[in-house]
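Topology and contacts: notes
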Amino acid sequence: MWGHPAYNPVILLTAFALTRHAAWPRLLTLGICLGVVTTAAPAHALDPDKRLSAMTVEIFRAQDGIAGAVKALEQTPDGYLWVGTSAGLFRYGGARFTVLTEGGRGAVPSEGSPGDVTALLAAVDGTLWVAPARGAPLCVRAAMMVDCPVPWGNLGSTVRFVDWHRGPRESLIATTNLGLLAALPHGWQPVPWGHAVPRDLEALHIDEQGRIVAAGKREVVTLQITGLPATVPAPSAPPPSTPVIAAAGPAPADLEVLFAGRERGSGVVWGANETGLWRIEDGRAALVSKDGPPPGGQPSAALEDRDGNVWIGSRRGLWRWQPGRVNAAFTRADGLPEDDVTALLEDREGSLWVGTRGGGLAQFTDRTVAQAGPPSLSERWINSLTEDSAGAFWLATRTGLVRWQDGRERSFGRAEGLPSDTVFAVHAAADGSVWVGCDAGLARMRGDRVESVHALGRSISALAIDEKGDLWVGGDEIARFEEGRLVTFPSAPGAEVTELRGMAHDDEGVLWLSSRGRLLSIRQGRVELPPPGDPIIGKVRSLHRDRKGVLWLGTFDGLWRRQGGTWRGFGVAEGLTQDLFQVLTDDADDLWAGTPQGLIQLSRASLEELLAGRRRTLDVLALPSSDQRRDIDASRPRQPAAWKARDGSIWFATSRGAVRVDPRRVRRNVVVPPIVIESATVDGRPAQRGAENAFPPGSGALDFSFGAVTTIEPHRAKHRYRLVGFDSTWIEAGTRRVASYTNIPPGAYRFEVQGSNADGVWNETGDVLQFRLAPRFHQTAWFYGLVALALGCAAFGVHRVYVAGVHSRYAATFAERNRVARELHDSLLQGMAAAALHLKSLRKRVVRGATGGKPDEVAAELERIERLVGTNMEETRRYVWDLRDSAGGNDSLETGLKALVSGLSGRANVHLTVEGAISPVPPHVSRELLRITREAIHNALQHAGADRIDVQLQQVAGALRLIVSDDGRGFDPKAAVGSAQGHFGLTGMQERARGLGRLQIVSRPGEGTRVEMIIEGTGIA
């Protein structure tokens, strides 16, 4: 590549200078750590057994965002692919190509872009060195043009080669019109013995040991660099250079390209010219292959991939070489966008990138699933397939049977002797014959000849051969082929066979069937439903017995296993997809299955770990497409619709022909993809990584663009994000690469993104961007404080007004109650008392005969009036008591009782006894006790005719006791409660006592009454 004329004045940049400068060791350490974290080698590079035409190819041209002739390819540690073209510098992370201008990102090439880029170099610290065709080199970091660490002022007028010396002290070496120079912190200095490099230099390479290999038009020389001091003194006498002598054949003159092998540090350097491929080691060169680019195909780019394939690009196509394999040349007919190859790169995920002069950029990827079988069936449904003992594959279709062997195709149908052209099932036998199930019967083929036909008049949808070699035939019934005839099996009631899709024996010898999704079994010579103790398994798609005797069922709900008479299911909770067809095991006992969305591989090791309780989910690899990214639909319900070939590969029947998988070369992208927040704006203002990102007050509109940097099926990469400080959980974004927020309140936030590649390998570290949103005037803390203070003052004022109103209303109410009490006492009560006296006097006069009439009747009438007035007086007195002293005032209970007793001293013989120190009681308790006492005394006077009433108040052991006893005539408490004579007084006493303590009323006719109120300590407080 370096000798190509288009690569002058700068042919290739591969690194930058590192010296004793204090900043460089830190940059180197950072770059190495970044490279370790973000890179991991995939299992394989491109399959050397495949031609490029059998691989997946993506072509990128102007309509995809890339323009100009491709001249250089490079990949930086952050995973981005960089493309230098005659139109500028482009970056690709999987989603799109973007062109970089000198100021940063851009959309189209502009005057600020590097222009014609001829060479690129990715340094370990992430810096990308860019060599334009004219002018000083440029450096890029984080998609922004930056100043290069080494000044270029004294580099010379013409830079031809720049290479990286990866030794104990890494350096940048350049060849210019001034000779061989080394990059030092203060500039460029001549390298000792640099004049030994050929003047007609075509290619230059420096290995890890400091050996320079320089190829001219007539010779190749080596030069050992032992060290590069900070200041390089001029040598007193240059040591001799050592010409490289060919071990066989002519010396490798005019080598167009030099490149290191995949085992860097081994001292092996590869070279290529129109003669062939050369290996240079220990000062000697050997021609390892005379195959190479065709005449006139001058080599322009070369590399050795991680599997040892050597790729050489030339003006006339691409050439591949590996020891022990057939060398191959590829041209536009094999998928190249153009034959003139100008640049090559193997990225960290194993893809081969091929740049061309005028055809754009191509990406070749070796996919796991390959199209198989005859091309004529690539767009047709395959019902069933099998491989016979001769290695020929037989494919069943609705238009006949096709045999495919060694790239040759032959078709069979009714014209060749089959019962029908519609073939549903095909199965190879151990003797080399092939059984063919059609919609009208069964046939047996041997080679190109139909050996026998069994015209059954019914459709055959499934075939199987057991371990004994017996053939089982399924359709609308199940039969076994015995001695040239089919022996059918009857069905138990409810177990009728219809549209049989699959059958297999378990490790106990029981044959299980799938009949339109129902699971049936053959026991004791007839078809039966599963035993009652078995789980209900529905929508069974396929059955398979592995080499260990384990029975596997593919169902709509997942996978079922039967072993030792025990069933175990695996579904979505264990990480499986639904709707599994044609389950199969490979040579490593891993399971494969077809689905409507592609193929899946299930790791047997992960299944065993799950069964042992060491993990919760299965390791499942989804393969949704084949070569050329053709979608796979492997939902064929026939048997067999999948087959393990003799070479260990697995074939599946699909809606678009047959596909083939080699389990030994399953391509799983295990590279953890870098996650990059590509852009972020807050209210239209950009945010930068590593900056403070403090934004003024705004509307809180946030927009983010991010993505997993992956080059293999980037459209299947998945993402999740969260805005810490706003989101409580991760938001699953799927394949979306943008996120937007509106009306975000002020505060400090952290936007976090995680992502995965197409094969589900997640980067859980992801990328982070921090920023702060300043509040508006009305969103500041001091504003909230002022509002809170104002609200507090207002609330206090309202409270004061409310309290004043309560006091005013209370005073008015209290005054009104006193007024009513006075009015009742001074008017009604006194008037009733006077009326009672007059009536009493009248009764006496009537009795003495002062008037005429019937004295007995008048006296009785007056006596009734007297009792009524007395009752009214007592009720009025009670009302006055309630109005004037409803809360018992502020006096104690003892004081209230004394006042009550003293008020009755003129009317009855009432005595009060207080024992012990009485604890204060709440006003409401005192009020209720006084009312209970008054009611008890009133009942004793009014109803019991008591001569003596005793009131006792005592406090014993924390309990308050109030006892009212009399010597009256007594009564039956049960009969008196609620009676008309009782005036509901006893009921009222019980209602007042409820919630305070226990009320006991003890009385018997003729024995007096005892009312005892007991309040425990908790009721007193």
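In this text, all values refer to a predicted model and were calculated from it rather than measured experimentally.

Once that is clear, we can look at the nonpolar core. In this structure, Leu893, Leu929 and Met1013 are the most contacted members of the largest nonpolar core, which totals 28 residues. Contributions of two or more residues to this core are made by helix 5 (893–902), helix 6 (923–942), strand 69 (949–956), strand 70 (959–966), helix 8 (985–993) and strand 72 (1009–1015). When residues in this core are grouped by element, the largest group, seven residues, is from helix 6. Sequence-distant contacts of Leu893, defined by excluding residues within four places in its chain, comprise Val921, Ser926, Leu929, Leu930, Leu953 and Leu960. One finds Ala708, Leu723, Ala739 and Ile744 within the second-largest nonpolar core, a separate group that totals 23 residues.

Looking now at the pattern of salt bridges. Under the definition given, this model contains 41 salt bridges. Among the ionic pairs, Arg545 bridges to Glu467, the shortest N-O distance being 3.0 Å. With Arg545 in strand 48 (residues 540–545) and Glu467 in the loop between strand 40 (462–465) and strand 41 (471–474), this pair connects stretches of sequence that are 78 residues apart. A relative accessible area of 25% places Arg545 in the partly exposed class.

This model, assessed by the stated rule, comprises 22 aromatic pairs. Ring centres 5.3 Å apart and planes at 85° place the aromatic pair Trp512 and Trp567 in the edge-to-face group. Residue Trp512 is found in strand 45 (residues 511–515), and its partner Trp567 is found in strand 51 (residues 566–570); the two are separated by 55 residues along the sequence. Taking relative accessible area as the criterion, Trp567 reaches 12% and is therefore assigned buried. With centroids separated by 6.2 Å and ring planes inclined at 40°, the aromatic side chains of Phe704 and Phe771 adopt a geometry described as tilted. With Phe704 in strand 62 (residues 702–708) and Phe771 in strand 67 (residues 762–773), this pair connects stretches of sequence that are 67 residues apart. Among the residues examined, Phe704 registers a relative accessible area of 3% and is labelled buried. By way of ring pairs, the aromatic residues Phe704, Phe706, Tyr721, Phe726, Tyr741, Tyr749, Phe751 and Phe771 are connected into one cluster.

A few words on the pairing of strand 25 (residues 310–314). In terms of burial, strand 25 is largely enclosed, as five of its five residues are buried. Along strand 25, one buried face is formed by Val310, Ile312 and Ser314 and the opposite face, lined by Trp311 and Gly313, is buried too. Where strand 24 (residues 299–304) hands over to strand 25, the hairpin turn is made up of five residues, of which Gly308 adopts a positive phi near 90°. Inspection of the sheet shows strand 25 paired to strand 26 (residues 317–321) by five bridges, in the antiparallel sense.

The predicted model of the chain has a mean per-residue pLDDT of 80, with 77% of residues at 70 or higher. Note on residues 165–169: pLDDT is under 50 here. Beyond four places in sequence and across chains, it has 18 contacts.

For the rest of this paragraph, the subject is the packing of helix 5 against helix 6. Packed helices, taken two at a time, are described by their axes: the angle between them and the distance between them. Running from amino to carboxyl end, helix 5 crosses helix 6 at an angle of 25°, the nearest separation of the two axes being 10 Å. Taken as axis vectors, helix 5 and helix 6 run roughly parallel relative to one another. Crossing geometry of helix 5 relative to helix 6 is assigned as right-handed. Judged by residue contacts, Leu893, Gly896, Leu897 and Leu900 of helix 5 engage Ser926, Leu929, Leu930, Thr933, Arg934 and Ile937 from helix 6. When grouped by side-chain class, the residues that make up the contact of helix 5 with helix 6 number six nonpolar, three polar and one charged.

With that out of the way, let us pick up the environment of Leu456. As for its placement among the helices and strands, Leu456 is situated in the loop between strand 39 (449–454) and strand 40. Considering only alpha carbons, one finds Leu456 and Asp439, 17 residues apart in sequence, at a separation of 9.2 Å. With residues up to four places along the chain from it excluded, the contact list for Leu456 reads Ala440, Gly441, Leu442 and Leu486.

A separate point is the pairing of strand 45. Where burial is concerned, most of strand 45 is hidden: five out of the five residues are buried. Bridge analysis of strand 44 (residues 500–505) against strand 45 gives five bridges, and the strand direction is antiparallel. The residue bridging Leu500 from the neighbouring strand is Ser515, located in strand 45. In sequence, strand 44 turns back onto strand 45 through a hairpin of five residues, with Gly509 there showing a positive phi of about 85°. Relative to strand 46 (residues 518–523), strand 45 runs antiparallel, the two being bridged by five bridges. From the neighbouring strand, Ser514 faces strand 46, where its bridge partner is Leu519. From the end of strand 45 to the start of strand 46, which pair antiparallel, there are two residues, and Arg516 there has a positive phi angle of about 50°.

Cut-offs used in this document
- Here the residue numbering is sequential within each chain, running from 1 through the sequence in written order.
- The model is predicted, so local features are restricted to residues of pLDDT at least 70 and side-chain atom pairs to those at 80 or more, both for listing and for counting; the totals for chains, interfaces and linings are taken over all residues.
- Hydrogens and waters are ignored; side-chain quantities use all the structure's heavy atoms.
- Residues belong to a common nonpolar core when they are buried Ala, Val, Leu, Ile, Met, Phe, Trp, Tyr or Cys residues joined through side-chain atoms within 4.5 Å.
- Three labels apply to residues, based on accessible area from a 1.4 Å probe with only protein chains included: buried if under 20% of the type maximum, exposed if over 50%, partly exposed otherwise in between.
- Helix numbers and strand numbers start at the N terminus; a helix is a DSSP run of H or I with at least 4 residues, a strand a run of E with at least 2.
- Contacts are residue-level and defined by heavy atoms, with any inter-residue pair within 4.5 Å sufficient.
- Salt bridges are defined by distance alone: a side-chain nitrogen of Lys or Arg within 4 Å of a carboxyl oxygen of Asp or Glu.
- Note on aromatic pairs: the rings of Phe, Tyr and Trp (six-membered ring only in Trp) are paired at centre separations within 6.5 Å, and the planes decide the class, stacked below 30 degrees, edge-to-face beyond 60, tilted for the rest.
- If DSSP finds at least two bridges between two strands, the strands pair.
- Summary of the metric used: pLDDT quantifies the predictor's per-residue confidence within the range 0 to 100.
- For helices, the axis comes from a line fit to the C-alpha atoms of the stretch in contact; other axes are also lines fit to C-alpha atoms, and the angle between any two N-to-C directions lies between 0 and 180 degrees.
- Each angle receives one of four descriptions, namely roughly parallel if under 35 degrees, roughly antiparallel if over 145, roughly perpendicular if within 65 to 115, and oblique otherwise.
- Crossings are sorted by hand: turned counterclockwise from the far helix by less than a right angle, the near helix makes the crossing left-handed, and turned clockwise it makes it right-handed.
- Side-chain classes are defined by residue name, with Ala, Val, Leu, Ile, Met, Phe, Trp, Tyr, Cys and Pro counting as nonpolar, Asp, Glu, Lys and Arg as charged, and the others, Gly among them, as polar.

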